[in-house]
Amino acid sequence: QKREKAVVTSPPVEGMGEFSGREPCPYRILDDIGGAYAMGAFFGSMWHFVKGWRNSPKGAAFVGGMEQMQFRAPIVGGNFAVWGGLFAVFDCSLSAVRQKEDPWNSIIAGAATGGLLAARAGPKAAAKNAVVGGVLLALIEGLGIMITKLLAPPLPSKEDLKHGDPTLPPSQPGLSPPVAFPAFSNN
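Residues numbered from 1 in each chain as written. Predicted model: local features only at pLDDT ≥ 70, side-chain atom pairs only at ≥ 80, totals over all residues. Heavy atoms only, no water.

Explain the packing of aromatic side chains to me, and be specific about the residues and the numbers.
We describe a pair of aromatic rings using the distance from one ring centre to the other and the angle between the two ring planes. A full pass over the atoms with the stated rule returns four aromatic pairs. Ring geometry for F49 and W53: centres 5.7 Å apart, planes at 50°, overall tilted. Separated by four residues within a single helix, F49 and W53 lie in helix α1 (residues 25-55), roughly one turn from each other. Classification of W53 by relative accessible area gives partly exposed; the value is 41%. When the centroid spacing of 5.8 Å and the interplanar angle of 75° are considered together, the rings of F49 and F62 count as edge-to-face. Taken together, the residues F49 in helix α1 and F62 in helix α2 (residues 61-98) connect sequence positions 13 residues apart. For F62, a relative accessible area of 51% gives the class exposed. Within the aromatic cluster, the residues linked to one another by ring pairs are F49, W53 and F62. (Phe/Tyr/Trp six-rings, centres within 6.5 Å; stacked < 30°, edge-to-face > 60°. Helix = DSSP H or I, 4+ residues; strand = E, 2+ residues; numbered from the N terminus. Buried < 20%, exposed > 50% of the residue type's maximum accessible area, 1.4 Å probe, protein only.)

In structure tokens form, the structure reads like this:
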């Protein structure tokens, strides 16, 4: 007898829906690690180039900036990648356990990431960094929600809804507004 492999699929997650614009969870982790590394390497390059430029002797500022950038930017990128990877793992784990994708997952994942990264320094430092991570992610999520609400189109008023759905095309002739055509003369 042949045994067929069981395919394990997770039920759809409530909230964002199927079209959230992000990769599904196992792939999202790798995507976030790569994106975090790229962001850290980019900003680390700028930061350490300026730092190397300022700390170099006269006449060697550009070379000093380039050297610092080459040595330190990949390290900053790696640090960002570790943070992004842990955050994505916690976020995906919370989505699977809670069966929801909402801002609370990100906030809790930020707190867990901050706490875990500071765990070697002791429980006091881990607790402090967990609070910082949670507050930082709460601010980011709140800002995202605020921007989304500000940029959303206004809801139709009762007056707009009296005349039917404004997004539907006209169903009878004569209901569409007149279109002005340019007049041509035979001169």
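Right, picking up where we left off after that structure.
Tell me about helix α3 (residues 103-117), residues and numbers included.
Helix length check: α3 (15 residues) gives 21 Å between terminal C-alpha atoms against 21 Å at 1.5 Å per residue, within 8%. When we look at burial in α3, the residues that qualify are N105, S106, I107, A109, G110, T113, G114 and G115. Tucked inside the fold, the buried residues of α3 contact α2 and α4 (123-151). (Expected span 1.5 Å × (residues − 1). Contact = heavy atoms within 4.5 Å.)

Which residues make up the pattern of salt bridges, and what are the values?
The final tally for this structure, using the stated rule, is three salt bridges. With a shortest N-O distance of 3.2 Å, R28 and E101 are connected by a salt bridge. Separated by 73 residues along the polypeptide, R28 in helix α1 and E101 in the loop between α2 and α3 bring together distant segments of the chain. Judged by relative accessible area, which is 3%, R28 ranks as buried. One salt bridge connects R98 with D102, and the closest N-O pair in it is separated by 2.8 Å. Since its relative accessible area comes to 30%, R98 is described here as partly exposed. Salt bridges sharing common partners tie together R28, D91 and E101. (Salt bridge = Lys/Arg side-chain N within 4 Å of Asp/Glu carboxyl O.)

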